[in-house]
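Below, each chain spelled out in residue letters.
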Amino acid sequence: MTSTTAATPIATTSEVELTIGGMTCASCAARIEKKLNRMDGVSATVNYATEKAKVSYPEGVHVADLIATVVKTGYTAEEPPPPPLPEDLPGDGDRARTADSGDDPELAALRGRLLVSALLALPVVLLSMIPALQFDNWQWLSLTLAAPVVVWGGLPFHRAAATNARHGAATMDTLVSVGTLAAFGWSLWALFFGDAGMPGMRHGFEFTVSRTDGASTLYLEVAAGVIAFILLGRYLEARSKRRAGAALRALLELGAKDVAVLRGGHEVRVPVGQLQVGDRFVVRPGEKIATDGTVVEGSSAVDASMLTGESVPVDATVGDEVTGATVNAGGRLVVEATRVGADTQLARMARLVEDAQNGKAEVQRLADRISGVFVPVVLLIAVGTFGAWLGVTGDTVAAFTAAVAVLIIACPCALGLATPTALMVGTGRGAQLGILIKGPEVLESTRRVDTVVLDKTGTVTTGRMRLQEVHVVAGDTEEDVLRLAGALEHASEHPIAQAIAAGAQDRTGALPPVERFENVPGRGVRGHVQGHEVTVGRLLPDAPAVDGHPLPDGLARAKDAAEAEGRTAVVVTRDGVAVGVLTVADAIKETSAEAVRELRALGLRPVLLTGDNRAVAQAVARAVGIGSEDVIAEVLPQDKVAVVERLRREGRTVAMVGDGVNDAAALATADLGLAMGTGTDAAIEASDLTLVRGDLRVAADAIRLARRTLSTIKGNLFWAFGYNVAALPLAAAGLLNPMIAGAAMAFSSVFVVTNSLRLRTFS
């Protein structure tokens, strides 16, 4: 008899990322998350800031089921399209046009709705609140102008309120919709069934706490004005968010778009997406390496600083591994592709950035937290006011007037403007100072930050090699040695050679010509200058006075000292005799030391993080005033994220300042990411704050401005909320007619805007 043992099936899960549409506040995200998590075996997190849902689901559940659940909740959901290949992406000019031309259809539609509503609402407000402007039958003109504002301009709020009502929820949209429709509906009743439609009717405006005849009172200016104000707030907020989540696209744009592939002994230029593992392709000087591979022909210097943070270009020769998106800074290379598409280091970095962004803790905005409690309470107060007045006086007009006053004074216009107006003024002032703040959700972190991680290359240092020191033997001058070395290096394309040539030209002027120039891969260059055989580089095999013999004591000490500090030291020989040592290094920015002092003054602890070796890192740290215990060196790109996470686990709130692609994931992971605007698009898009100038001092200014902007937003919210709280008892008691309620609502908005304008004086 044969027996079989059935293996117990192991439940497997799949993951999908959905793009969610229709969310207007953080409570929407919480509602969708709750609905998804109620499905058997489903685990979901919904991020309002990125408008994405990351969902894990078991076998038996399909993506279509997840989308259907979201749709039933009142929102839209779809799977995001696959990321485009680099060759399909627009060029720099196309990106600039797209970013500036308002091509975003949602933003364009919102802007159109705002402009039409504002143009129609303005004369209604002026006619209603300034009796001198009123003429016979002005009220009918006001109705004609206000009706499209309330119906069409307020349609997004009415639609959202209806959706919320179907699911037993209330948000700021609910108050806006109920308040404006109540004011508009009462105005229609007063016009068609009351006395407000009579020819010659005048609508006085008095600061009085007496009850009025509701049958002759219009609230058209309140209905139209509130919608126009809230649309303005929504537009400002949407504009500040329009570039959120573009880090992945910026990473892909970094890669090469086409490549010269060797086929049948000929070069054929094809899109990089057609590359296959094993293909051989040509990389000329100045070109990007199309994908990860192995050098099979040629030698060159490869600038990998954008990916590794290593400031010194890496020599690459036959057998060496090279990485896609790095730049060939020297000679012609032939590379055999070893990884393509999603397997490349660049693609893995893109996934790392995306995961870091989606994994950020959701920040509940202050206005939503307030409205989450405030809105239901106001609705209850309005209903209670109507019932109390009706029960005590039996006067339906008085009851409805008091209830409308409650709704109108509570309309959260100022709450809606508190964040975007302060953000608009703060970001405008920031732009003047070289600071870009991406959105209100980043400001809370600036208050709590206590540690700032500084990437070295391109942030603390310039990211460019420069000639530092010149050491010569007795009997020679620095100018003579520099003239010989500079002339020879001027013929080389190697970045270190270019730094020496530039330094020589700056110090000695015009350089003499070179004859019989020769490049010795991995060793240096040689040639004849002014009748002398000159070599510059490492110790060359055919320099008998140097190779196998110690350098003169002075030059040996200079070389050892430079290398101990992580600098690159090259030897200059003339006719086989060593005559000088030149040191080259990534120069520290002049303002970096002052910037570190300013960051400390803000209560921050600076930490230097770099992919360079420890000697280089310690030397830079000493120069700018960072202690050796706060130096983290020789860190690979993926390890930078781990360093930030470790600091956070230690209880620190971490800000990260960087400029390279290798910093992008760490910038997204940190509590606050600051990108140098002189760096890569990927770093800028992954960050929360962008420093337009390459001056590290702006990082301190950015944190101060962000903290000031956050303080202003909190002040706006406090006073906007305070107006409503103070006036609600008056409205409920019937001592505040809706006209005064509308004026108070408008004044609270003016106060919020005025308070925000104080940020223009920040320095």
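The rules behind these values
- Residues numbered from 1 in each chain as written.
- Predicted model: local features only at pLDDT ≥ 70, side-chain atom pairs only at ≥ 80, totals over all residues.
- Heavy atoms only, no water.
- UniProt positions renumbered as here; feature names shortened; annotations may be inferred.
- Helix = DSSP H or I, 4+ residues; strand = E, 2+ residues; numbered from the N terminus.
- Buried < 20%, exposed > 50% of the residue type's maximum accessible area, 1.4 Å probe, protein only.
- Contact = heavy atoms within 4.5 Å.
- Areas by Shrake-Rupley, 256 points an atom, 1.4 Å probe, with all protein chains shown as cover.
- Salt bridge = Lys/Arg side-chain N within 4 Å of Asp/Glu carboxyl O.
- Phe/Tyr/Trp six-rings, centres within 6.5 Å; stacked < 30°, edge-to-face > 60°.
- Patch = residues over 30% accessible without salt bridge, like charges linked within 9 Å, V, L, I, M, F, W, Y side chains within 5 Å.
- Pairing = 2+ DSSP bridges.
- Expected span 1.5 Å × (residues − 1).
- Arc of directions from axis to C-beta.
- Core = buried A, V, L, I, M, F, W, Y, C linked by side-chain atoms within 4.5 Å.
- Polar contact = N/O pair within 3.5 Å; in protein donor to acceptor, adjacent residues only side chain to side chain.
- Axes fitted to C-alpha atoms, helices over the stretch in contact; angles between N-to-C directions.
- Parallel < 35°, antiparallel > 145°, perpendicular 65-115°, else oblique.
- Left-handed = near helix turned anticlockwise from the far one by under 90°.
- Nonpolar A, V, L, I, M, F, W, Y, C, P; charged D, E, K, R; others polar.

For the chain, an unreviewed UniProt entry supplies the name Heavy metal translocating P-type ATPase and the organism Streptomyces siamensis. Quoted straight from UniProt, the Sequence similarities (unreviewed entry) entry for the chain says "Belongs to the cation transport ATPase (P-type) (TC 3.A.3) family. Type IB subfamily." Quoted straight from UniProt, the Subcellular location (unreviewed entry) entry for the chain says "Cell membrane".

With that out of the way, let us pick up the overall build of the chain. In terms of regular secondary structure, the chain is built from 26 helices and 26 strands. Across the 763 residues of the chain, 51% fall into the buried class. For the chain, the share of sequence-separated contacts (at least 6 apart) that also reach a separation of at least 24 residues comes to 70%. Carbon and sulfur atoms make up 57% of the accessible area of the chain, which totals about 33000 Å².

Using the criterion set out here, one finds 21 salt bridges in the structure. Arg-646 serves as the salt-bridge partner of Glu-650, at 3.2 Å between the closest nitrogen and oxygen. On the accessibility criterion, Arg-646 (34% relative accessible area) is partly exposed. Connected through shared salt-bridge partners, Glu-267, Arg-284, Glu-297 and Arg-332 make up one network.

If you trace the backbone, Val-520 turns up in strand E17 (residues 515-520). For Val-520, a relative accessible area of 16% puts it in the buried group. Separated by 15 residues in the primary sequence, Val-520 and Thr-535 place their C-alpha atoms 10.0 Å from one another.

Tallied over the full model, the rule gives three aromatic pairs. Between the aromatic rings of Trp-140 and Phe-192, the centroid separation amounts to 5.4 Å while the plane-to-plane angle is 75°, which identifies the pairing as edge-to-face. Taken together, the residues span a long stretch of sequence, with Trp-140 in helix H5 (residues 138-153) and Phe-192 in helix H7 (residues 172-192) at a distance of 52 residues. A residue is classified by how much of its surface remains accessible, and Phe-192, at 51% relative accessible area, is exposed. Relative to Trp-719, the ring of Phe-718 lies with its centre 5.2 Å away and its plane at 80°, an arrangement referred to as edge-to-face.

With that settled, the discussion passes to a nonpolar patch on the surface. Taken together, the side chains of Leu-122, Leu-126, Ile-130 and Leu-133 make up a nonpolar region of the molecular surface, amounting to roughly 330 Å² of accessible area. Looking at the secondary structure, you find Leu-133 in the loop between helix H4 (105-129) and H5.

Read from one edge to the other, the open sheet built from seven strands follows the order E14-E26-E25-E24-E15-E22-E23, with strand pairing classed as mixed. The sheet terminates laterally at strand E14 (435-437) and strand E23 (631-632), the two strands that pair on one side only. Summarising the sheet, strand E15 (residues 451-455) and strand E22 (residues 605-609) pair through five bridges and their orientation is parallel. For Leu-454, the partnering residue across the bridge sits in E22 and is Leu-608.

Annotation from UniProt places "transmembrane region" (unreviewed entry) at residues 114-132, 138-155, 175-194, 214-233, 370-391, 397-419, 717-733 and 739-757. In this annotation, residues 138-155 is assigned 94% helix and 0% strand; the end-to-end C-alpha distance for the span is 25 Å. Taken end to end, residues 175-194 has its terminal C-alpha atoms 26 Å apart, with 90% of it in helix and 0% in strand.

Our next topic: helix H6 (residues 155-166). Residues spaced three or four apart along an α-helix face the same direction, because each turn holds 3.6 residues. Taking 1.5 Å as the rise per residue, H6 with twelve residues should run 16 Å; its terminal C-alpha atoms sit 17 Å apart, in good agreement. Listing the buried residues of H6 in full gives Phe-157, His-158, Ala-160, Ala-161, Thr-163 and Asn-164. After H6 finishes, the residue Gly-168 shows a positive phi value of roughly 65°.

Turning our eyes to something else, we now look at helix H2 (residues 63-72). Among the residues of H2, Val-63, Leu-66, Thr-69 and Val-70 are the ones counted as buried. Taken down its axis, H2 places every buried residue within 120° of arc, on the same side. Away from the buried face of H2 by more than 90 degrees, exposed residues Ala-64 and Lys-72 are located.

The subject of this paragraph is the sheet that holds strand E5 (residues 258-263). Pairing within the open sheet is antiparallel, and its six strands lie in the order E6-E5-E7-E13-E8-E11. Looking at the sheet topology across the chains shown, the edges are occupied by strand E6 (266-271) and strand E11 (321-322). With five bridges joining them, strand E8 (residues 292-297) and strand E13 (residues 333-339) adopt antiparallel strand pairing. Paired with Asp-292 across the bridge in E13 is Arg-339.

Pairing of E5 with E6 involves six bridges; the strand directions are antiparallel. Bridge assignment links Asp-258 to a residue of E6, and that residue is Pro-271. Connecting the antiparallel pair E5 and E6 is a turn made up of two residues, with Gly-264 showing a positive phi of about 65°. Pairing geometry for E5 and strand E7 (residues 280-283), over two bridges, is antiparallel. Residue pairing for E7: Val-261 is matched across the bridge by Phe-281.

Of all hydrophobic cores here, the largest spans 50 residues; its most connected members are Leu-218, Leu-220, Val-378 and Leu-728. When residues of this core are assigned to their parent elements, the largest contribution, ten residues, is made by helix H8 (residues 220-241). Formed by 48 residues, the second largest nonpolar core is a distinct cluster that contains Ala-422, Leu-423, Ala-621 and Ala-655.

What follows covers the side chain of Ser-177. Following the sequence through the fold, Ser-177 ends up in helix H7. Taking the relative accessible area as the measure of exposure, Ser-177 reaches 5% and is therefore buried. At a separation of 2.9 Å, a polar atom in the side chain of Ser-177 contacts the side chain of His-158.

The next thing to look at is the packing of helix H17 (residues 478-489) against helix H18 (residues 495-508). Remark: H17 packs on H18, axes separated minimally by 8 Å, with the N-to-C direction vectors making an angle of 135°. The pairing of H17 with H18 is recorded here as oblique in orientation. As for the relative orientation of H17 and H18, their crossing is left-handed in sense. In contact with Glu-478, Glu-479, Leu-482, Arg-483, Ala-485, Gly-486 and Glu-489 of H17, H18 contributes Ala-497, Gln-498, Ile-500, Ala-501, Ala-504, Arg-507 and Thr-508. By residue class, the composition of the contact of H17 with H18 is six nonpolar, three polar and five charged.

Turning to the packing of H5 against H6, a few remarks are in order. As a packed pair, H5 and H6 sit with axes 5 Å apart at the nearest point and diverge in direction by 45°. Between H5 and H6, the angle falls in the class oblique. Each of Val-150, Val-151, Trp-152 and Gly-153 in H5 lies in contact with H6, whose residues at this interface are Leu-155, Pro-156, Phe-157 and His-158. Grouping the constituent residues of the contact of H5 with H6 by class yields six nonpolar, two polar and no charged.

Time to look at unusual backbone geometry. Its identity is not glycine, yet Arg-516 carries a phi of approximately 50°, on the positive side. For Arg-516, a relative accessible area of 63% puts it in the exposed group. One non-glycine residue, Gln-530, adopts positive backbone phi at about 50°.

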